[in-house]
There are 2 protein chains.
Amino acid sequence: MGQNISTAKRVDTMKLTDIFFPFRGDLNVIERELDRSLNTKDAVLKKTSSHLLKAGGKRIRPVFVLLGGRFGHYDIHELKNVAVALELIHMATLVHDDVIDDSELRRGKPTVKAKWDNRIAMYTGDYILARGLMIVTELKNPQIHQIFSKAIVEMSIGEIEQIRDFNNWNQNLRKYLRRIKRKTALLIAVSCQLGALASNASWEVVRKMYTYGYNVGMAFQITDDILDFVGDEKKLGKPAGSDLRQGNITLPALYAVNCDSNKNQFKDLLNENKVDEMVDFIRNGEGIEYAQNLAERYLKRGMDALEGLPEGNDKDALLKIARFIGERQF
Amino acid sequence: MGQNISTAKRVDTMKLTDIFFPFRGDLNVIERELDRSLNTKDAVLKKTSSHLLKAGGKRIRPVFVLLGGRFGHYDIHELKNVAVALELIHMATLVHDDVIDDSELRRGKPTVKAKWDNRIAMYTGDYILARGLMIVTELKNPQIHQIFSKAIVEMSIGEIEQIRDFNNWNQNLRKYLRRIKRKTALLIAVSCQLGALASNASWEVVRKMYTYGYNVGMAFQITDDILDFVGDEKKLGKPAGSDLRQGNITLPALYAVNCDSNKNQFKDLLNENKVDEMVDFIRNGEGIEYAQNLAERYLKRGMDALEGLPEGNDKDALLKIARFIGERQF
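Below: a short report on this structure. (Residues numbered from 1 in each chain as written. Chains lettered and ligands numbered in written order. Predicted model: local features only at pLDDT ≥ 70, side-chain atom pairs only at ≥ 80, totals over all residues. Heavy atoms only, no water.)

## With respect to the overall build of chain A
Put simply, the test is: Secondary structure counts use DSSP, requiring at least four H or I residues in a row for a helix and at least two E residues in a row for a strand, with both numbered from the N terminus. We compute the radius of gyration from the C-alpha atoms alone; for a globule the expected value is 2.2 Å times N to the 0.38, where N is the number of residues. Throughout this description, buried means an accessible area under 20% of the type-specific maximum (1.4 Å probe, protein chains only), exposed means over 50%, and partly exposed covers the range between.
If you tally the helices and strands in chain A, you get 18 helices and two strands. Its C-alpha atoms give chain A a radius of gyration of 20 Å, near enough to 20 Å, the size a compact globule of 330 residues would have. The dimensions of chain A, computed from C-alpha atoms along their principal axes, are 60 × 50 × 35 Å. The buried share of chain A, taken over its 330 residues, is 60%.

Following this line, the structure appears as C-alpha cells:
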C-alpha cells in the first residue's frame, strides 16, 4: 500500500526546494542548458525568452525526469536533453495559454502577451516549441521522439477543448478530467516516463513512473483549480475566482451547478450573471471538499503506483512531491 | 548551363497541373494521407482542418518531394510521409501568419482567424504542426528529423522577424532576403532535399536539390511580392498593395524608398502617409523591374543547380516549375 494522504497532511514544514536539494547540481546543468537552447541573435526573441527564463517556474518536470532516471542508468548528459525539451514544451504552452486566457500576470510577473502583444506571444511560443523539438531530434531513441510528438498533439487538442468549453456549464465531470489530463497530467506523466525510459529502466519501472506522473499531475491540476477559489490572493498573484471570471469552468464550479445541495441557489446567481456571488458561493460550497477528496484519491493512486520500486531517497522524494501537491497553498 | 529565363517567358500556355499530371496518382495518395492525418474527434478541429484542406493549395511542396525522390530509389510509401509532414508544417505556418497579418481571405476563402477567431487559429496551427511532427517521428532516418526541426526553428525566427520589421522602412535588401528565405525558400529547399534524402539519393544529388529549391523558393516569394502590387486583383483575391497596407515592406517598396530615381517623391508620400499613392508609385516605379530581374537571377541559379542530374521527364518537370514561377500572373 502507498502512503496515506492524512499522514501527508502532517508534513507541513516541507518545501519543494528541500526535496529538490540533492538534485541542485544537475538542475543547474539543466538551467544552463535551457538558457543556451533559447540563445538567439534575434533581439525580440532574446528579450521574450530571457523574460520567461527569469520568471522561473518550479522546474518540476525536469525534477521528475531526474527522479525517473534514478531507477535506471542515471546519466545527466542524456537526461538533461529530455528535461530541457520537456520544460521548453511546457513553457511554449504557457505562453500560448496566456494568449487564450488573456492573462496579464503569471507568477506575479507580466506575461509575454501583456509585456509585448498577442502576436509576439504566439511566435515566441512557436519558437520555444521549435527549440524544444530540435533537442528532441537529437535524442537517439525513436520511441522517445514518438512519445514527445504524441504528447504535443494531445496537448494541442486539449487547448482547443479548453476554448470550446469556455463558459460551457453543461460539461460533465468526465469532460473536465479529460481536459486537465491533456492540459497538465499528460506532460507530467511523460516527464516521469521519459526519465526512466532514457535511462534504460525496465518496462515495468517505465510504466509505474507514467502511472505515478499521470495521477500526481491530475491531483496537481485539481489542486490548482481549488486554489484558484480558496488560495491566498497575494500568494497566487491573482484575484480569487480568476478561472471562473475568464470563463474556465473548473471542478468546484461544476460541482456547484450540478451537485451542491444548494445548487438551485447557484443556478439563480448564474442566470443573473452575479459573478462575485458565484465565486463566494463556490468558496464556501461543497465542491471544494469534493475536489479535495478527488485530488487525494489521485495522489493515493500515484503513490500506490510506486509500490515495488526500490526503497530509498529517490522513491521518498517522489512520495514527498506527491504529499507536497496535496498540501500546497499556492 | 541551365535554361535561360527569356526562353521560359515564351512557354506561356503551361499550367502547373500539366507539370503535376504524371504524379496525379501519388498526389492523390498524399491528399488522402493529409486528410487522414488531421482526422480528430474534436468538433472544432475537425471543422477548421477540413476547411483548410478544402481550401486546397498548390501542394507544390509534395510535388518537390516526389520529384526529389525520382533521383533516388523512389518509394511513395516513404515519400508520402515526408510530403504530408511538410505540407502540414506549411499549413500550420499559414494559419499563424493569417493571425499576424490579420488576413480575412486566403485563396479567395475566409481564413480560420476570420471564420472562427485568433485563438482558434492559434491552436489550429499548433494542432496541425503537432500532427506534422507526429509523422516526422515515424520516419526512420534521424537526419531527416533534424532537418525538419531546424527548419521549424528558422521559420519561427522568420515569423518574429516579420513582425519586428513591420512598417520598418530602414531595413536593407539583405534583411528582406533573409526574411523571405526563412518565410518561404527554406521549406521549399527542404522539400526538394528531403525527397532526395528519403530516397537515398547520393549526397551530391541531395545538395543539388536543396540549392535548386532554395533559389526557386526565393524567386517564388519575390514574385509573390511583385504580384501583390501588379497582379490582377480578382485573380489574387485581394486588393493591390495589401502587403504594404498591412505594414509588410517588400522588395518593390524598399526599392522605391531607397533606389528609385524619384525616391524623394516617394518619401514625401510616405511622410504624408498617402498609402494609395504609394501603391500607385510602386506599381509604376522602377522597383518592379528590379525585383523581376532579381527573381530571374534566382531562377537561373536554381536551374543551373540541376546541371549534372540525369536528363529526362523529372529534370524537365523541375525546369518547367522554375519557368512557371517566372511567368505566373497570380
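## Focus on the side chain of A:Ser191
The condition that has to hold: Contacts: residue pairs with any heavy atoms within 4.5 Å of one another.
Looking at the secondary structure, you find A:Ser191 in helix 10 (residues 173-198). Among residues more than four places away in sequence, those in contact with A:Ser191 are A:Arg61, A:Phe64, A:Val65 and A:Leu86.

## Points about helix 14 (residues 251-258) of chain A
Residues and elements named next belong to chain A. With respect to burial, helix 14 is a largely interior element, seven of its eight residues being buried. Listing the buried residues of helix 14 in full gives Leu251, Pro252, Ala253, Leu254, Tyr255, Ala256 and Val257. Residues of helix 14 that are buried sit in contact with helix 10, helix 11 (203-230), helix 13 (242-246), helix 15 (263-271), helix 16 (275-284) and helix 17 (287-305).

## Brief notes about unusual backbone geometry
Residues and elements named next belong to chain A. Phi angles above zero are rare outside glycine, and Asn273 is one such case at about 55 degrees. Structurally, the position occupied by Asn273 is in the loop between helix 15 and helix 16. Note on Asn273: relative accessible area 58%, which makes it exposed.

## Structural notes on the environment of B:Arg323
On the secondary structure map, B:Arg323 appears in helix 18 (residues 313-327). A C-alpha to C-alpha distance of 7.7 Å links B:Arg323 and B:Leu299, two positions 24 residues apart in sequence.

## Remarks on the packing of aromatic side chains
All names here are of chain A. Test applied: To pair, rings of Phe, Tyr and Trp, with the six-membered ring standing in for Trp, must have centres within 6.5 Å; the planes then decide the type, stacked if under 30 degrees apart, edge-to-face if over 60, and tilted in the middle.
Under the criterion given, the structure shown has 10 aromatic pairs over all chains. Taking the centre distance of 5.7 Å and the plane angle of 55 degrees together, the rings of Trp169 and Phe266 count as tilted. Highlighted residues: Trp169 in the loop between helix 9 (142-164) and helix 10 and Phe266 in helix 15, separated in sequence by 97 residues. Relative to Tyr298, the ring of Tyr214 lies with its centre 6.4 Å away and its plane at 80 degrees, an arrangement referred to as edge-to-face.

## Considerations on the packing of helix 9 of chain A against helix 8 (residues 118-137) of chain B
This is how it is decided: Throughout, an axis means a line fitted to C-alpha atoms (over the contacting stretch in the case of helices), and angles, computed between N-to-C directions, take values from 0 to 180 degrees. Oblique is the label for any angle not under 35 degrees, not over 145, and not in the 65 to 115 range, which are roughly parallel, roughly antiparallel and roughly perpendicular in turn. What makes a crossing left-handed is the near helix being turned counterclockwise from the far one by less than a right angle; a clockwise turn instead makes it right-handed. Note on residue classes: Ala, Val, Leu, Ile, Met, Phe, Trp, Tyr, Cys and Pro are nonpolar, Asp, Glu, Lys and Arg are charged, and everything else, Gly too, is polar.
In contact at an axis separation of 8 Å, helix 9 of chain A and helix 8 of chain B are set at 160 degrees when each is read in the N-to-C sense. Judged by the inter-axis angle, helix 9 of chain A sits roughly antiparallel to helix 8 of chain B. Seen along the crossing, helix 9 of chain A lies across helix 8 of chain B with a hand that is left-handed. Where helix 9 of chain A approaches helix 8 of chain B, its residues A:His145, A:Gln146, A:Ser149, A:Lys150, A:Ile152, A:Val153, A:Ser156, A:Ile157, A:Glu159, A:Ile160 and A:Ile163 are matched on the opposing element by B:Arg119, B:Ile120, B:Tyr123, B:Thr124, B:Asp126, B:Tyr127, B:Ala130, B:Arg131, B:Leu133, B:Met134 and B:Thr137. Residue classes in the contact of helix 9 of chain A with helix 8 of chain B are distributed as 11 nonpolar, six polar and five charged.

## So, helix 9 of chain A
Here is the rule we go by: Expected span of a helix: the number of residues minus one, times 1.5 Å. In protein, a polar contact means a hydrogen-donor-capable atom and an acceptor-capable atom, both N or O and within 3.5 Å, with residues adjacent in sequence counting only if both atoms are side-chain atoms; elsewhere, any N or O pair within 3.5 Å suffices.
For helix 9 of chain A, which comprises 23 residues, the first-to-last C-alpha distance of 33 Å matches the rise-based estimate of 33 Å (1.5 Å per residue) to within 8%. At the N-terminal boundary of helix 9 of chain A, the capping side chain belongs to A:Asn141, with an oxygen 2.8 Å from the backbone nitrogen of A:Gln143.

## Points about the interface of chain A and chain B
Spelled out, the test is: Accessible area, probed at 1.4 Å, shrinks when two parts are joined; the buried area is that loss added up over both. Salt bridges are identified by distance alone: a Lys or Arg side-chain nitrogen within 4 Å of an Asp or Glu carboxyl oxygen.
Every contact between the two is made by 37 residues of chain A and, on the other side, 37 residues of chain B. Between chain A and chain B the total buried area reaches about 3,400 Å² when both faces are included, carbon and sulfur atoms providing 74% of it. On inspection of chain A and its partner chain B, the count reaches two salt bridges. Here A:Asp42 ties to B:Arg164 by a salt bridge, and the two come within 2.9 Å at their closest N and O atoms. The interface formed by chain A and chain B contains 13 residue pairs in polar contact (both at pLDDT 80 or more). Among the residues making up the side of chain A that touches chain B, the classes are represented as 19 nonpolar, eight polar and 10 charged.

## Details of the pattern of salt bridges
Per the stated rule, a full pass over the model turns up 40 salt bridges over all chains. For A:Glu161, the salt bridge goes to A:Arg178, with nearest N and O atoms at 3.7 Å. With A:Glu161 in helix 9 and A:Arg178 in helix 10, the pair connects residues that are 17 residues apart, well separated along the chain. Given a relative accessible area of 38%, A:Arg178 falls into the partly exposed group. Bridged by salt links that share partners, the residues A:Asp42, B:Arg164, B:Asp165, B:Lys175 and B:Arg179 form one connected network.

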